[in-house]
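Below are the chains, spelled out letter by letter.
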Amino acid sequence: MKALVGVKWVLDFSVKVRLKSDGTGADLAGARMSMNPFDEIALEQAIRLKEAGAVDEIVVVSVGPRPAADILRRALAMGADRAVLVRSDAPVEPLGVAKALKSLVERDGAGLVLLGKQAIDDDNNQTGQMLAALLGWPQATYAAELAVEGNVATVTCESDDGLETVRLTLPAVVTADLRLNTPRHISLPNIMKAKNKPLEEIAPEALNVDLRPRLKVLRTDEPAKRRAGVMVASVDELLDKLRGEAKVI
Amino acid sequence: MSILVLADHAAGALQPSTARVVTAARQIGGDVVLLVAGQNCAAVAREASAIDGVARVLLADADALAHQLPEALAALIAELAPDYDAILGSSGLVAKRCLPRVAALLDVMQVSEIIAVVAPDTFRRPTYAGNAIETVQSTDSKRVLTVRTTAFAPAGAGASAPIETISPGPSGDTRSSFVGRSSTGSDRIELGSARRVVSGGRGLGSRESFDKLVYPLADKLQAAVGASRAAVDAGYVPSDCQVGQTGKVVAPELYLALGISGAIQHLAGMQDSKVIVAINKDPDAPIFSIADYGLAQDLFEAVPELIAKIG
Ligand SMILES: Cc1cc2nc3c(=O)[nH]c(=O)nc-3n(C[C@H](O)[C@H](O)[C@H](O)COP(=O)(O)OP(=O)(O)OC[C@H]3O[C@@H](n4cnc5c(N)ncnc54)[C@H](O)[C@@H]3O)c2cc1C
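Residues numbered from 1 in each chain as written. Chains lettered and ligands numbered in written order. Predicted model: local features only at pLDDT ≥ 70, side-chain atom pairs only at ≥ 80, totals over all residues. Heavy atoms only, no water.

### So, the sheet that holds strand E9 (residues 122–127) of chain B
Thinking step 1. One open sheet accounts for four strands, arranged E12(A)-E10(B)-E9(B)-E8(B); its pairing is antiparallel. Strands with a single pairing partner mark the edges of an open sheet, and in this sheet they are strand E12 (215–221) of chain A together with strand E8 (116–119) of chain B. For this sheet, the mean angle separating the axes of adjacent strands, direction not counted, is 30 degrees.
Thinking step 2. Note that E12(A) and strand E10 (residues 132–138) of chain B share six bridges and pair antiparallel. The partner of A:Thr220 across the bridge, within E10(B), is B:Glu134. (Pairing = 2+ DSSP bridges. Helix = DSSP H or I, 4+ residues; strand = E, 2+ residues; numbered from the N terminus. Axes fitted to C-alpha atoms, helices over the stretch in contact; angles between N-to-C directions.)

### Concerning the packing of aromatic side chains
Residue and element names in this part refer to chain B.
Thinking step 1. Counted under the stated rule, the structure contains two aromatic pairs over all chains.
Thinking step 2. Between Phe210 and Tyr215 the ring centres are 5.8 Å apart and the planes differ by 65 degrees, which places this aromatic pair in the edge-to-face class.
Thinking step 3. The exposure class assigned to Phe210 is buried, which follows from its relative accessible area of 0%.
Thinking step 4. Of the residues examined, Tyr215 reaches a relative accessible area of 19% and is grouped as buried. (Phe/Tyr/Trp six-rings, centres within 6.5 Å; stacked < 30°, edge-to-face > 60°. Buried < 20%, exposed > 50% of the residue type's maximum accessible area, 1.4 Å probe, protein only.)

### Observations concerning the domain arrangement of chain B
Residue and element names in this part refer to chain B.
Thinking step 1. The domains assigned to chain B are domain 1 (2–165) and domain 2 (191–310).
Thinking step 2. Where domain 1 abuts domain 2, roughly 580 Å² becomes buried across the two surfaces, and 55% of that area is made up of carbon and sulfur atoms.
Thinking step 3. A per-residue breakdown of the area domain 1 buries against domain 2 is headed by Ala129, Arg148 and Thr150, which together make up 72% of the total.
Thinking step 4. Across the contact surface, domain 1 and domain 2 share zero salt bridges. (Domains from an automatic or database assignment. Buried area = accessible area lost by both parts, 1.4 Å probe. Salt bridge = Lys/Arg side-chain N within 4 Å of Asp/Glu carboxyl O.)

### Quick look at the site of the ligand
Thinking step 1. Residues in close proximity to the ligand total 29 residues, the closest being B:Arg202, B:Ser228, B:Thr246, B:Ser261 and B:Asn280.
Thinking step 2. Around the ligand, the neighbouring residues derive from chains A and B rather than from a single chain.
Thinking step 3. Between the ligand and B:Gln242 there is a distance of 2.8 Å, counted from an oxygen atom to a side-chain nitrogen or oxygen.
Thinking step 4. In this structure, a nitrogen atom belonging to the ligand sits 2.7 Å away from a side-chain N or O atom of B:Thr246.
Thinking step 5. About the coverage of the ligand: the protein hides 85% of its 990 Å² of free accessible area.
Thinking step 6. Where the shell around the ligand is concerned, the elements lending two or more residues are helix H1 (37–51) of chain A together with helix H6 (229–233), helix H7 (264–267) and helix H8 (299–309) of chain B.
Thinking step 7. The class makeup of the residues in the shell around the ligand is 10 nonpolar, 14 polar and five charged. (Near = heavy atom within 4 Å. Polar contact = N/O pair within 3.5 Å; in protein donor to acceptor, adjacent residues only side chain to side chain. Areas by Shrake-Rupley, 256 points an atom, 1.4 Å probe, with all protein chains shown as cover. Nonpolar A, V, L, I, M, F, W, Y, C, P; charged D, E, K, R; others polar.)

### What to know about the confidence of the model for chain A
Close inspection of predicted coordinates is inappropriate for parts of the model with low pLDDT.
Thinking step 1. When the pLDDT values of chain A are averaged, the result is 97; 100% of them are 70 or greater.
Thinking step 2. Taken element by element, chain A is modelled with least confidence in helix H5 (residues 188–194) of chain A, mean pLDDT 95, and with most confidence in strand E6 (residues 112–116) of chain A, mean pLDDT 99. (pLDDT = per-residue confidence, 0-100.)

### Let's talk about the nonpolar core
Thinking step 1. Membership of the largest hydrophobic core comes to 91 residues, with the highest contact counts inside it found for A:Val86, B:Leu4, B:Leu34, B:Leu35, B:Val36, B:Ile77 and B:Leu88.
Thinking step 2. Aside from chain neighbours lying at most four places away, what touches A:Val86 is A:Val61, A:Ser62, A:Val63, A:Gly64, A:Ala100, A:Leu104, A:Ile202, A:Pro204 and A:Leu207.
Thinking step 3. If you look at the next biggest cluster of nonpolar residues, it comprises 46 residues, including A:Val10, A:Leu114, A:Ala143 and A:Val148. (Core = buried A, V, L, I, M, F, W, Y, C linked by side-chain atoms within 4.5 Å. Contact = heavy atoms within 4.5 Å.)

### Brief notes about empty space enclosed by the protein
Residues and elements named next belong to chain A.
Thinking step 1. The full count for this structure, using the stated rule, is four cavities of 30 Å³ or more.
Thinking step 2. What the largest cavity holds in volume is close to 290 Å³.
Thinking step 3. In terms of lining, the largest cavity is formed by 24 residues, of which the most central are Lys8, Asp39, Val97, Ala119 and Thr127.
Thinking step 4. Of all the secondary-structure elements, those providing two or more residues to the lining of the largest cavity are strand E4 (57–64), helix H3 (94–108), E6 and helix H4 (127–135).
Thinking step 5. In terms of residue class, the lining of the largest cavity is built from nine nonpolar, 10 polar and five charged. (1 Å grid on protein atoms, 1.4 Å probe; cavity = no way out; pocket = protein on both sides within 12 Å on 5 of 7 lines; lining within 4 Å. Points joined across faces, edges and corners; volume = space filled by probe spheres on them.)

### Some remarks on helix H2 (residues 69–78) of chain A
Thinking step 1. Counting buried positions along H2(A) gives seven out of 10 residues, so the element sits mostly inside the fold.
Thinking step 2. Those residues of H2(A) not exposed but buried are A:Ala69, A:Ile71, A:Leu72, A:Ala75, A:Leu76, A:Ala77 and A:Met78.

### Digging into the pattern of salt bridges
Residue and element names in this part refer to chain A.
Thinking step 1. Per the counting criterion, the structure on display carries 40 salt bridges over all chains.
Thinking step 2. Close ionic contact of Asp70 with Arg73 constitutes a salt bridge, the shortest N to O distance being 3.7 Å. Taken together, the positions of Asp70 and Arg73, both in helix H2 and three residues apart, correspond to about one turn of that helix.
Thinking step 3. Between Arg107 and Glu200 there is a salt bridge; the shortest N-O distance is 2.8 Å. Taken as a pair, Arg107 in helix H3 and Glu200 in strand E11 (residues 199–202) lie far apart in primary sequence, 93 residues in all.
Thinking step 4. Taking the relative accessible area as the measure of exposure, Arg107 reaches 38% and is therefore partly exposed.
Thinking step 5. By relative accessible area, which is 27% here, Glu200 ends up partly exposed.
Thinking step 6. Each of Lys2, Glu57, Arg82, Arg107, Asp108 and Glu200 takes part in salt bridges that share partners, so that together they form one network.

### Notes on the packing of helix H3 (residues 70–80) of chain B against helix H4 (residues 93–105) of chain B
All names here are of chain B.
Thinking step 1. Running from amino to carboxyl end, H3 crosses H4 at an angle of 50 degrees, the nearest separation of the two axes being 9 Å. In terms of orientation, H3 and H4 fall into the oblique class. In the packing of H3 onto H4, the handedness of the crossing is right-handed. Only Val94, Arg97, Cys98, Leu99, Arg101, Val102 and Leu105 of H4 make contact with H3, whose side of the interface consists of Pro70, Glu71, Leu73, Ala74, Ile77 and Ala78.
Thinking step 2. For the contact of H3 with H4, the residue count by class is 10 nonpolar, no polar and three charged. (Parallel < 35°, antiparallel > 145°, perpendicular 65-115°, else oblique. Left-handed = near helix turned anticlockwise from the far one by under 90°.)

So this is what it looks like as structure tokens:
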């Protein structure tokens, strides 16, 4: 079975976003970019499924600008077999990305699509669900455990108050949550080996998809700043403040 | 304008998030219709019919909608969609996994986790873990939205809207089936809607300390228990306690952070709390920069003293 994994090129999780002062959005110039952490977990899961014999080929896809090829090379070094960059220099939305992934699934075939549950830049939490709808496939979101046997995936998902397990008949879309696994480190020999793995660049038009955004971002602002607080010297002073000043206990 | 709101319910009871989504819907303006979909949920529909500002309640009760799995639920909502200009749900699990599916079926780009309604087609929403607030205008003919419920007050409950039983939509998708649920469901106060939250981080050092310090303090304060990702990963508490960008978003009157450093991903889930208190032995911990009251002390000294001194 072939697995398709989607990865997004995002501002590194350890960097606090800088906004342009004119309200036109994030200033990413020179900022450290990396693979969306949830997508890295999805990819790690695909590699483990391949090691376990449930998957025989992993295709990793990113929809983004040319520098996004960096995370595709990283994905190849981690263990993906080949990579596809659907080139888009403008920001993309989940609906557009889902359409591009659908088109690739139809072109190349796949029994399982693994994605991160959300991207840490736009925090949308939509692409997997949208892709499943467009393909008419079942879905499991926020996966904390995934087992594949034959054409059945058993997925334990994080829910609002615990865990929920569903059984899906493949093909299906699964989105990864934080505790599904811990992604492996990449070794130097694997980085070298990845240089020979295929990385295809393709225009969205070649997939017949329209990536133009449907949402107009009118402006981007800093959140309201909290007023500076005070340091207290003791538990007694803290309780005084909470009772007298804040009146919360 | 006509708005469909997906009601949140679990274990036969309406969840408080629904009344908050109704507030967002009323701010958009128009007839608000509530959809109660599931199995054996007539009692939920009766509860829902009391929410102020609801014009009608639609009840779709069927075995195929048991567990509110996204495949069947999205198919039902997509069938109802032609009658509505906007479809809203909460930021809870059922809406989060289902509404993007609905949006794609309708060829609409969803607006996730709105925190304000600027105009019927324009909304504010957090991105980058709450460090950027976007104002976005939808250019689609229909709107699909999820609502960050902490940002909207609940609508009152004094109405009695009519309840209409509707056909449950296309039959269930047999390619997806429910196997089981393990709820950590204790009798503790629910994190998402608690008025006070006590959260512990890696600074607790062990599950035993978490049990010995965080829970008793929460009990004294009648607070819900939360945690950082590090505390969850270390196994001190179950994952549904995680507060943050990828956990729960809370905005209680009082948020107490014990041994939590204040990573942006954690702040994303609690920075709208009314009063934030941080106890951390590192005076330079970033959590202090957003705390109203900070105490730079070893929590193993401070917390037992707090527990002893709170009435
Ligand atoms: C994709 C992604 C998503 C994430 N999502 C979330 C999320 O939703 N929620 C979340 O919380 N994190 C999230 N994180 C993780 C986040 O980046 C931090 O790693 C995490 O919040 C740290 O938890 P912590 O503050 O408990 O631990 P640490 O950062 O290790 O801090 C522990 C603190 O305890 C203090 N301490 C230690 N001992 C004592 C003592 N005896 N007395 C008092 N203080 C003490 C230390 O001074 C320190 O400040 C995410 C990360 C990624 C990459």
